[in-house]
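Survey of secondary and tertiary structure
The lines below spell out each chain.
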Amino acid sequence: MSPAAPSVIRIADHVAEALAARTPVVALESTIFTHGLPRPRNIEVALEGEEIIRAAGAVPATIGVHHGTPVVGLSHDEIRELGEDDDADKASIRELSIGAVTKKNAGTTIAATAFLARAAGIDVFATGGLGGVHHGADKTFDESADLIAMSRTSIVLVSSGAKAILDIPATLERFETLSVPVVGYRTNRYPGFYVVDSGYPVAARLDSPEDIATVLTTQRALGVPSGVLVANPVPEAEQLDPSELDGVIEDAWAAAERDGIGGQASTPYLLDFIRRATEGRSLDANVALYRNNIRLACEVAAALVNRSA
């Protein structure tokens, strides 16, 4: 059974109709175009992601906060509005209720997007890279709410690993502690966002969308509340040079410390630094892995629908 969506969430008609008809639906986040990508490419990528989903015979549900209201299935006009709004907030789960007072636009993080997707009854969510444990978290306790959200949200999340600026081994350890299965799609290695291999293994490998669907449905049958994290590497031909990336990340952290950047501002700052330092090649890799994840998410959504037919 899909959870009932609270009345404070607006579910677009095209999403509600698709869910009722058992048509595959794929959720997409909005921080990728409110905070993650430069203009005008941000909106181009957002709309292209939706077109990839439609071409696969599925229905897109881009999720964000429009004038304080969480929306599952933003319209193209709403996507453009959020993507052009210099004052748009970045909303994780804790910020969703605050929007009811501020009435501001906001891009939803992975945590908030997964939460809202499941509230609407959506099973699959595609993103680029997810949040995790930040370097120095043993002192600052700085780790993303994405980790906790995935431990509580029964959804398939397709990503290309945690963002490259994070502490990858600590992030994987936290997922283990939180009982979130991390599975490699046709790989035994955890991807490194811009690169195919982060240098760390995954605990399990799955080789088909049907296998991914089986893991989610089995989790639910067991009563396990967590989602399934699918690690889908960027296509090898479109990855960054791994040795170059290591040096750029080190420089990015030094610049953030120098400029006093912390908290939620860290990720967009560091990713923008990497984009400029690689002359846009990191952005190209980011877009390539995002497209690749959306395609896989469509296949998983179709497999889940077929299982319930």
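Procedures and definitions
Residues numbered from 1 in each chain as written. Predicted model: local features only at pLDDT ≥ 70, side-chain atom pairs only at ≥ 80, totals over all residues. Heavy atoms only, no water. Helix = DSSP H or I, 4+ residues; strand = E, 2+ residues; numbered from the N terminus. Rg over C-alpha atoms; globule rule 2.2 N^0.38 Å. Contact = heavy atoms within 4.5 Å. Areas by Shrake-Rupley, 256 points an atom, 1.4 Å probe, with all protein chains shown as cover. Lys, Arg positive; Asp, Glu negative; His and termini not counted. Charge placed at Lys NZ, Arg CZ, Asp CG, Glu CD. Core = buried A, V, L, I, M, F, W, Y, C linked by side-chain atoms within 4.5 Å. Buried < 20%, exposed > 50% of the residue type's maximum accessible area, 1.4 Å probe, protein only. Axes fitted to C-alpha atoms, helices over the stretch in contact; angles between N-to-C directions. Parallel < 35°, antiparallel > 145°, perpendicular 65-115°, else oblique. Left-handed = near helix turned anticlockwise from the far one by under 90°. Salt bridge = Lys/Arg side-chain N within 4 Å of Asp/Glu carboxyl O. Pairing = 2+ DSSP bridges. Arc of directions from axis to C-beta. Nonpolar A, V, L, I, M, F, W, Y, C, P; charged D, E, K, R; others polar.

Looking only at helices and strands, the chain features 14 helices and 13 strands. Taking 2.2 N^0.38 as the reference for a compact globule, 309 residues should give roughly 19 Å; the C-alpha atoms of the chain span a radius of gyration of 18 Å, in line with that estimate. Sequence separation of at least 24 residues holds for 74% of the intrachain contacts in the chain that already meet a minimum separation of 6. Total accessible area on the chain is roughly 13100 Å²; 52% of this is exposed by carbon and sulfur atoms. Between the averaged position of the 26 positive side-chain charges in the chain and that of its 41 negative side-chain charges there is a distance of 4 Å.

Moving on: the nonpolar core. Within the largest apolar cluster, 60 residues are counted, with the highest numbers of intra-cluster contacts made by Val72, Ile122, Tyr190, Tyr194 and Ile274. Those residues in contact with isoleucine 122, other than ones at most four positions away along the chain, are Val15, Leu19, Val25, Ala27, Ala61, Val72, Ala117 and Ile155. Counting 39 residues, the second-largest nonpolar core is a separate cluster that includes Val26, Leu37, Val71 and Val158.

Helix packing geometry: the angle between the two helix axes and the distance between the axes. Viewed as axis vectors pointing N to C, helix H3 (residues 41-55) and helix H14 (residues 281-308) meet at an angle of 20°, and their least axial separation amounts to 9 Å. As far as their axial angle goes, H14 and H3 are roughly parallel. Once H3 is placed against H14, the crossing between them reads as right-handed. Residue-level contacts link Arg41, Val45, Glu48, Gly49, Ile52 and Ile53 of H3 to Leu283, Asp284, Val287, Tyr290, Arg291, Ile294, Arg295 and Cys298 of H14.

Moving on, we get to the pattern of salt bridges. Considering all chains together, one arrives at 18 salt bridges under this definition. Linked through salt bridges whose partners overlap, the residues forming this network are Glu50, Glu51 and Arg54.

Quick look at the pairing of strand E3 (residues 59-66) now. The buried fraction of E3 is high, at 8 of 8 residues. In E3, alternate side chains face the same way, and those of Val59, Ala61, Ile63 and Val65 on one face and Pro60, Thr62, Gly64 and His66 on the other are all buried. Where strand E2 (residues 25-28) and E3 come together, 4 bridges link them in parallel fashion. Bridged to leucine 28 within E3 is threonine 62. Hairpin connection, E3 to strand E4 (residues 69-72): the antiparallel pair is bridged by 2 residues, and histidine 67 has positive phi, about 50°. In this sheet, strand E6 (residues 106-108) lies alongside E3 in antiparallel orientation, the contact comprising 2 bridges. Within the sheet, the bridge partner assigned to valine 65 lies in E6 and is alanine 106.

Along helix H4 (residues 76-83), the residues that are buried comprise Glu78, Ile79, Leu82 and Gly83. Relative to the axis of H4, the buried residues are bounded by an arc of 130° and lie together on one face. Close packing links the buried residues of H4 with strand E1 (10-11), helix H2 (31-36), H3, E3, E4 and E6.

Attention shifts here to the packing of H3 against H4. Relative to each other, H3 and H4 sit at 150°, their axes nearing to 9 Å. On the basis of the axis angle, H3 is roughly antiparallel to H4. As H3 runs across H4, the sense of the crossing is right-handed. When H3 is examined against H4, the residues Asn42, Ile43, Ala46, Leu47, Glu50, Glu51 and Arg54 are found in contact with a partner set consisting of His76, Ile79, Arg80 and Gly83. Looking at side-chain class alone, the contact of H3 with H4 contains 4 nonpolar, 3 polar and 4 charged residues.

Our focus in this paragraph is the side chain of serine 30. Note on placement: serine 30 falls in the loop between E2 and H2. If we skip the residues at most four places from it in the chain, serine 30 touches Ile63, Gly64, Ala106, Gly107 and Thr108.

Of note, the bond from arginine 39 into proline 40 is cis; its omega dihedral lies within 30 degrees of zero at 0°. Residue placement: proline 40 occurs in the loop between H2 and H3. Positive phi, close to 60°, is recorded for arginine 186, a residue that is not glycine. Non-glycine residue phenylalanine 193 carries a positive phi angle of around 65°. Within the secondary structure, phenylalanine 193 is located in the loop between strand E10 (189-192) and strand E11 (195-201). For phenylalanine 193, a relative accessible area of 1% gives the class buried.

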